[in-house]
Amino acid sequence: MRCIKFPLAQTGYINKLSLDYLTGNPDLRDYYNFSPDFAGLEAVIAQRKKFPVNRAALVETLTRQYNSPAKDFGKNRGNKAVVHNIQSILHENTFTVTSGHQLNIFTGPLYYIIKLVSVIKYAEMLKQHFPAYHFVPVYWMATEDHDLEEINHFYLWGKTLKWDAQSEGAVGRMNPHSLESVIEELEKLTANSPNGKGLIDLFKSAYGQHNTLAGATRYLVNELFKQYGLVVVDGDDPILKKALIPVFEMDIFETVLFKAINHSFSALQKKYKLPVTPREINVFYLEAHSRERIVLEGGHYQVLNSTKHWTESELKAELHTHPEHFSPNVVMRPMYQELVLPNLTYIGGNNEIAYWLELRESFLRANVFFPQLLVRDSALFIGKKAAKDLDQLKLKPEDLFLSLPDLKFKFYETNMLGHAAEQAVSAILGQYDALKDDLKGLPADLAAMIVKQMNIQVKEVKKWKNDIHNKQMEIQEKNVIKLEKLYAAFYPDGELQERHDNFMPFYLQNGAEWLEMLKKEFDPLQAVCHIFIEE
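Structural notes, computed from the coordinates. (Residues numbered from 1 in each chain as written. Predicted model: local features only at pLDDT ≥ 70, side-chain atom pairs only at ≥ 80, totals over all residues. Heavy atoms only, no water.)

1. A few points about a nonpolar patch on the surface
(1) Moving on: A cluster of nonpolar side chains, Leu 442, Leu 446 and Met 449, forms an exposed patch at the surface whose accessible area comes to about 250 Å².
(2) Moving on: Among the secondary structure elements, Leu 446 is positioned in helix α18 (residues 444–490). (Patch = residues over 30% accessible without salt bridge, like charges linked within 9 Å, V, L, I, M, F, W, Y side chains within 5 Å. Areas by Shrake-Rupley, 256 points an atom, 1.4 Å probe, with all protein chains shown as cover. Salt bridge = Lys/Arg side-chain N within 4 Å of Asp/Glu carboxyl O. Helix = DSSP H or I, 4+ residues; strand = E, 2+ residues; numbered from the N terminus.)

As structure tokens, then:
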């Protein structure tokens, strides 16, 4: 495959807030600490050192998580890079680069994989530029999310494959064994693919040998990316949650986060459409089969849709005794990551970066490190047939980022220039008109006879012209239909390819080499969409 780079800013699929951040709009300078480039990385590292984390507790937790249920994770030579990266966190010269994502079954849409490759690539780039330090790529699993509908399905070759399961609690705690029926369907669909058996065996091991979706996802991601040392973190952990207790208290009892985020929200919403609206309390109460918001009502703290309630002192006691019962929402989770990890950079989608920009003031109020923010790489994959169709339509791959009406206009503009034969016939008709003028001075009867014969011929030539034109129009209409089908393939259900289609078609064909190809081309500092074209 060849790859061309197209600026994200020109795709039309990046929100204005993130775009202004990437282009250095001075109006946003109060909403981030570090620019999205290498220039200030030494400053990032120096600042991060002022916000120490409990490295020993983190390494102990990661070791425990990776060795459950398998007890010999560290003994498997294939996991060497991961084990090395986990142990390296004990050293003060080691820092992390992080991205987070939901636990989509079978990895969900393509950008799940794209995010992780972006993090891996940036960690490698940092190591090349700052060899005195070690950088660990991290995937923070959103194990405590409770919206099953967002992760229980994926799209493959026009089919929707769905996990028929029910849950109202944290999805990471769900038992994934009932995904067996989905794997059976996948096995039929991938039977003739070069890497089909290996991928199906991986899914069987992931979802069949682990009792939680969190464990299954960690295993699956590790098998795909272990050679790069990607470390997977599950925040649904009592040891890690201890670091968040002071922030829980500030949020629940003083509404510090709400006040800070609301201040930023009020200023930014005058110019931008914002993805996150703050709540007075940004904490859920987490139990085995439920995750419900905590609210203050009538002087007591209440769990919505529950009979649970506490006084302030009772809730503080519960928080310190069982921090694992408390779960951060989307605006507090970034703070949780920065309290647990020695993190330098967060890499996310452009909507994620937009809501991070809303959060900086809350980080300052809570005295938590606010990292460098980068927009993840983006990718578009064009197969051999689609590339040929684009070429025949005289369109460029990057034209696919136009809206369909604009793409049609460009097609017409490029193609509706008239066939050469049509232009030649028009020239002949022009010569007939010139000849009529030249007949002046001839005997009238001779001129009339010639004109009569000419009119018969002109009528026939005009018929040629109309036939040619109508055929051209017919050809263009067929091409327009082809164009519409082509466009629909890259925007299934009206969504970008990377936000809809699964990674399997590409991995089944090329295996791990496909991931290596992505890593080779990616660079999250470039803010581009990588258009991969099969040749």
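2. So, the sheet that holds strand β10 (residues 309–310)
(1) Moving on: Strand order in the open sheet made by the five strands is β10-β9-β8-β7-β11, with antiparallel pairing throughout. The sheet is open, and its two borders are formed by β10 and β11 (326–328), each paired with just one other strand.
(2) Moving on: Relative to β10, strand β9 (residues 300–303) is paired through two bridges, and the arrangement is antiparallel. Bridge pairing in β10 links Tyr 301 to Trp 310. (Pairing = 2+ DSSP bridges.)

3. Let's talk about the pattern of salt bridges
(1) Moving on: Counted according to the given criterion, the structure contains 24 salt bridges.
(2) Moving on: Here Glu 338 and Arg 48 are joined by a salt bridge, their closest N and O atoms 3.2 Å apart. Note that Glu 338 is positioned in helix α13 (residues 333–340) and Arg 48 in helix α2 (residues 41–48), a separation of 290 residues in sequence.
(3) Moving on: Judged by its relative accessible area of 3%, Arg 48 is buried.
(4) Moving on: Salt-bridge contacts for Arg 333 lead to Asp 145; the nearest nitrogen and oxygen are separated by 2.9 Å. Here Asp 145 lies in the loop between β3 (134–141) and β4 (153–156) and Arg 333 lies in helix α13, a separation of 188 residues in the sequence. In this pair, the class of Arg 333 matches that of Asp 145, namely buried. (Buried < 20%, exposed > 50% of the residue type's maximum accessible area, 1.4 Å probe, protein only.)

4. Regarding the packing of helix α11 (residues 256–268) against helix α14 (residues 350–366)
For any two helices packed against each other, one specifies the crossing angle of their axes together with the interaxial distance.
(1) Moving on: Axis separation between α11 and α14 bottoms out at 8 Å; the angle between their running directions is 145 degrees. Crossing angle aside, the handedness with which α11 passes α14 is right-handed. Contacts from Val 256, Leu 257, Lys 259, Ala 260, Ile 261, His 263, Ser 264, Phe 265 and Leu 268 in α11 reach Leu 357, Glu 358, Leu 359, Glu 361, Ser 362 and Arg 365 in α14.
(2) Moving on: Residue composition of the contact of α11 with α14, by class: eight nonpolar, three polar and four charged. (Axes fitted to C-alpha atoms, helices over the stretch in contact; angles between N-to-C directions. Left-handed = near helix turned anticlockwise from the far one by under 90°. Contact = heavy atoms within 4.5 Å. Nonpolar A, V, L, I, M, F, W, Y, C, P; charged D, E, K, R; others polar.)

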